[in-house]
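Close look at the chain arrangement
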Amino acid sequence: MTRRAFAPLVGIVVFVAVWEGFVRAFNVRPFILRAPSSAVNYLWKFRSDYLDAAWVTVQHSMLGLLFALLLAVAFGAVLASNRFLERAAQPILLLIQVVPWIAYVSSVVVWLGLGSAPALFMVTLVCLPAFVFASVDGMRSVEPATLELMSSVDASRLEVLTRVRLPSAAPLLFTTARFNVGLALAIAYYVEGANFSNEGIGNIGRSAAANNQADRLWASVFSIAVVGVVALLLLSLLERTVLHWHAAQRTENR
Amino acid sequence: MSNVALHGLNKSFGDLEVLDNVSLEIESGSFVSFIGPSGCGKTTLVRVVAGLEAASSGTVLVDGSPPAVARSHKRVGLVPQQPGLLPWRTVRANAHLLLDINRAANPPDAANPNTLLREVGLGDFMESYPHELSGGMQQRVALVRALSLHSPLLVMDEPFAALDEITRSEMRLLLNQLVEGRGVTVLFVTHNISEAVALSDRVIVCSPRPARVVADFNVDLPRPRARDIEDDSRFVELCAEARHALHGAMRP
Ligand SMILES: Nc1ncnc2c1ncn2[C@@H]1O[C@H](COP(=O)(O)OP(=O)(O)OP(=O)(O)O)[C@@H](O)[C@H]1O
Ligand SMILES: [Mg+2]
């Protein structure tokens, strides 16, 4: 475990050092790129503000992600067993996926107003399609022989869903979740900045950008990065525990 | 123990005729093997008996009731060609799978899968996962999974086809030990003539598709059947008889 953590750490240290050196050597204008040391200093000074803001952003992104996942499992269970509904749902899901959320997010903010509602709604909506596709594909990936075995003892649909289809879909859902984490953070950050709610890292970032406060902006970039990395780490920890049986999680395949 | 009766059974998939007027009476407690050319309809036949596929015409009765009734009472134990173990369940949990499903229909005298696992030599692997087992061990778990239902009818579709010859003959011996004295009726599909003779009380030879019964003979070898049964001259005779019937059926 310590060995495995070593290589990524080296990568991060080298990256930050190069960045710091680059900013100092070429004297980059502060607002364009800030030296990590100065952003980190600022972040440390206002750590309790950033901590409060990060907690709000964590809630917006992770709750939204969780809603999307739960909805996707429910939709997936229905769509995986009904080709007609699946075909009917496909264009809607694809539209949500391909239309850039940033194009219509302002309207949603106006519609849902202040507070967490627009952030949660947007995260849930935009993360939903990839989860639904993963859920449908995963649930369909069950061997026909396994389904036959289940029906040989008259298993109910619910039993097939919980005992076979859901566990089969889990690996794909985890992969999708990893991809969706970045999306969820981006949306939460943006919506927090857009709805003047005075909450969340996005809000700090937006007002810092508007007022040309480089340290304040880069400190918010740093803190959302930390949130993202911690979320990904926890996710892979969870994945390794839940999916220990899955080929991709076995150490001999790493 | 179940008795199975088929009367004038026909089955087609669209225009493809697969079963042609199959009629059979299968005595309860007997071990019956079906052999026939590939694609003739053996799997279809046993799936119809297990209530997994409806016949196009004709009747199937398992203990006097339609297969769907037997299925809903969990009176059919299925052993598929691939063991089909769930990779997220341990050996123990896989062996319990069929008991965990549709619990209301569990028989009061269900066997204890843990005891059965020990009986088939998997006592030390109860907490292992399927990927940690060999093919033969996986197939033994699949056997236990079906036997644990204590169902009076076992339907086995080429359960040993994916195994190597040595493991296969071990499994033959094991299966004989497990079913002898349990009084269970077994329908067993195989491509392997000596496997059919070594295991069965009765061997049924099917024609190329659409499957008809072309030969049906009793295997009068004594039980319990030991490992050296295959050296018996009567065993060799019966295999030859089955082979001739099979080759006769293949000729147009
Ligand atoms: N669900 C299905 N739909 C359409 N055709 C089918 C279906 N199941 C089986 N068949 C066809 O029925 C025929 C008999 O198939 P079946 O699997 O019963 O043969 P088999 O005797 O078990 O063959 P094998 O020895 O290779 O396992 C084949 O031609 C197959 O293509
Ligand atoms: Mg077959």
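About the thresholds
- Residues numbered from 1 in each chain as written.
- Chains lettered and ligands numbered in written order.
- Predicted model: local features only at pLDDT ≥ 70, side-chain atom pairs only at ≥ 80, totals over all residues.
- Heavy atoms only, no water.
- Near = heavy atom within 4 Å.
- Polar contact = N/O pair within 3.5 Å; in protein donor to acceptor, adjacent residues only side chain to side chain.
- Areas by Shrake-Rupley, 256 points an atom, 1.4 Å probe, with all protein chains shown as cover.
- Helix = DSSP H or I, 4+ residues; strand = E, 2+ residues; numbered from the N terminus.
- Domains from an automatic or database assignment.
- Contact = heavy atoms within 4.5 Å.
- Buried area = accessible area lost by both parts, 1.4 Å probe.
- Salt bridge = Lys/Arg side-chain N within 4 Å of Asp/Glu carboxyl O.
- Buried < 20%, exposed > 50% of the residue type's maximum accessible area, 1.4 Å probe, protein only.
- Pairing = 2+ DSSP bridges.
- 1 Å grid on protein atoms, 1.4 Å probe; cavity = no way out; pocket = protein on both sides within 12 Å on 5 of 7 lines; lining within 4 Å.
- Points joined across faces, edges and corners; volume = space filled by probe spheres on them.
- Nonpolar A, V, L, I, M, F, W, Y, C, P; charged D, E, K, R; others polar.
- Axes fitted to C-alpha atoms, helices over the stretch in contact; angles between N-to-C directions.
- Parallel < 35°, antiparallel > 145°, perpendicular 65-115°, else oblique.
- Left-handed = near helix turned anticlockwise from the far one by under 90°.

Attention now moves to the site of ligand 1. Residues and elements named next belong to chain B. With respect to spatial proximity, 13 residues lie near ligand 1, and among them Ser38, Gly39, Lys42, Thr43 and Thr44 are the closest. Within the side chain of threonine 43, one N or O atom sits 2.6 Å away from an oxygen atom of ligand 1. Here an oxygen atom of ligand 1 sits 3.3 Å away from a polar atom, N or O, in the side chain of glutamate 158. Expressed as a share of its isolated accessible area of 630 Å², the protein-covered part of ligand 1 is 63%. Residue assignment for the shell around ligand 1 shows that the elements contributing at least two residues are strand E2 (16–26) and helix H1 (42–49).

All names here are of chain B. The domain architecture assigned to chain B consists of domain 1 (4–75 + 151–250) and domain 2 (90–150). Its C-alpha centre places domain 1 at a distance of 23 Å from the equivalent point of domain 2. Of the residues lining the interface, 16 residues belong to domain 1; the matching set on domain 2 comes to 19 residues. With both chains or domains summed, domain 1 and domain 2 bury close to 1,300 Å², and 69% of this area falls on carbon and sulfur atoms. It is Lys74, Ser151 and Leu178 that lose the most area in domain 1 upon contact with domain 2, and together they represent 42% of the buried surface on that side.

On the chain B side, the residues contacting the 17 residues of chain A number 23 residues. Interface area, chain A with chain B, both sides summed: about 2,000 Å², of which 64% is carbon and sulfur. Looking at the side of chain A facing chain B, the largest losses of area belong to Leu149, Val153 and Arg163 of chain A, adding up to 32% of the total buried there. Applying the counting rule to chain A against chain B returns two salt bridges. Note that glutamate 148 of chain A is salt-bridged to arginine 47 of chain B, the shortest N-O span being 2.7 Å. Joining chain A to chain B, the criterion identifies five residue pairs in polar contact (both at pLDDT 80 or more).

Attention now moves to the pairing of strand E8 (residues 202–206) of chain B. Look at any regular strand and the pattern is simple: side chains alternate between the two faces of the sheet. All names here are of chain B. Burial analysis of E8 places five of its five residues in the buried class, which makes it a mostly covered element. Side chains Arg202, Ile204 and Cys206 project from E8 onto one buried face, and the interleaved Val203 and Val205 project onto a second face that is buried too. The pairing of strand E3 (residues 31–35) with E8 spans four bridges and is classified as parallel. Counted as the bridge partner of isoleucine 35 is valine 205 from E8.

Residues and elements named next belong to chain A. In this model, the largest pocket occupies a volume close to 660 Å³. Taken together, 20 residues make up the lining of the largest pocket; nearest its centre are Pro8, Leu9, Ile12, Val229 and Leu233. Mapped onto the lining of the largest pocket, the elements with two or more residues apiece are helix H1 (2–26) and helix H10 (214–242). Per-element accounting of the lining of the largest pocket gives the leading share, eleven residues, to H10. When grouped by side-chain class, the residues that make up the lining of the largest pocket number 17 nonpolar, one polar and two charged. Both domains that furnish three or more residues to the lining of the largest pocket are identified here as domain 1 (1–33) and domain 2 (47–252). Taken together, 20 residues form the lining of the second largest pocket, with Leu66, Leu69, Ala177, Leu235 and Leu238 sitting closest to its centre. Top element by residues in the lining of the second largest pocket is helix H3 (residues 47–80). It accounts for seven residues. Looking at the lining of the second largest pocket residue by residue, the classes come out as 20 nonpolar, no polar and no charged.

Residues and elements named next belong to chain B. In the contact formed by helix H5 (residues 135–147) and helix H6 (residues 165–179), the axes pass within 11 Å of each other and the chain directions differ by 20 degrees. Accordingly, the angle class assigned to the pair H5 and H6 is roughly parallel. Crossing of H5 against H6: the hand is right-handed. Contact residues: H5 offers Gly136, Gln139, Arg140, Leu143 and Leu147, while H6 offers Thr167, Met171, Leu174, Leu175 and Leu178. For the contact of H5 with H6, a count of residues per class yields six nonpolar, three polar and one charged.

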